[in-house]
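Spelled out, the chains give:
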Amino acid sequence: QVQLVESGGGLVQPGGSLRLSCAASGIIFSMYDMGWYRQAPGNQRELVAAITSGGRTNYADSVKGRFTISRDNAKSTVYLQMNSLKPEDTAVYYCNAQLIVINYWGKGTLVTVSS
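Residues numbered from 1 in each chain as written. Predicted model: local features only at pLDDT ≥ 70, side-chain atom pairs only at ≥ 80, totals over all residues. Heavy atoms only, no water.

(A) Up close: the nonpolar core. Met34, Trp36, Val78, Leu80, Met82 and Tyr93 are the most contacted members of the largest nonpolar core, which has 29 residues in total. Elements that contribute at least two residues to this core include exactly β3 (18-25), β4 (33-39), β5 (46-51), β7 (67-72), β8 (77-82), β9 (91-99) and β11 (109-113). Once residues within four sequence positions are removed from consideration, methionine 82 is found in contact with Gly16, Ser17, Leu18, Leu20, Arg66, Phe67, Tyr93 and Val111. (Core = buried A, V, L, I, M, F, W, Y, C linked by side-chain atoms within 4.5 Å. Buried < 20%, exposed > 50% of the residue type's maximum accessible area, 1.4 Å probe, protein only. Helix = DSSP H or I, 4+ residues; strand = E, 2+ residues; numbered from the N terminus. Contact = heavy atoms within 4.5 Å.)

(B) Representation of the sheet that holds strand β1 (residues 3-7). With respect to topology, four strands assemble into an open sheet ordered β1-β3-β8-β7, the strand pairing being antiparallel. Every interior strand has two partners, whereas the edge strands, β1 and β7, have only one. Direction aside, neighbouring strands of the sheet carry axes that sit 15 degrees apart on average. Two elements, β3 and β8, share six bridges in a ladder whose sense is antiparallel. Following the sheet pairing, leucine 20 is matched in β8 by leucine 80. (Pairing = 2+ DSSP bridges. Axes fitted to C-alpha atoms, helices over the stretch in contact; angles between N-to-C directions.)

Below, the structure is given as structure tokens:
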């Protein structure tokens, strides 16, 4: 049974930081490309950051220079370090694992940026 469990969300003031974690089980984690997506109310789900099985990263333009994605294959965990948070970063953040046509999703963690 595949599980992706996100954690680390919460309420933070503008300019603050949060670190999201996604712990995977039931998959050979090192083989999967991993990504963080987010969905704000009324918006479509969008890619925030991704990291390939080989460690290559890419980011949405809106988060470049502020967010960093990383992975620890020994812990089967992917992280999203979010700095200089803005109110427009408020969303539910989802973890994704992809291997060719296979896709798994976590249930999401809410990030609220507000003063």
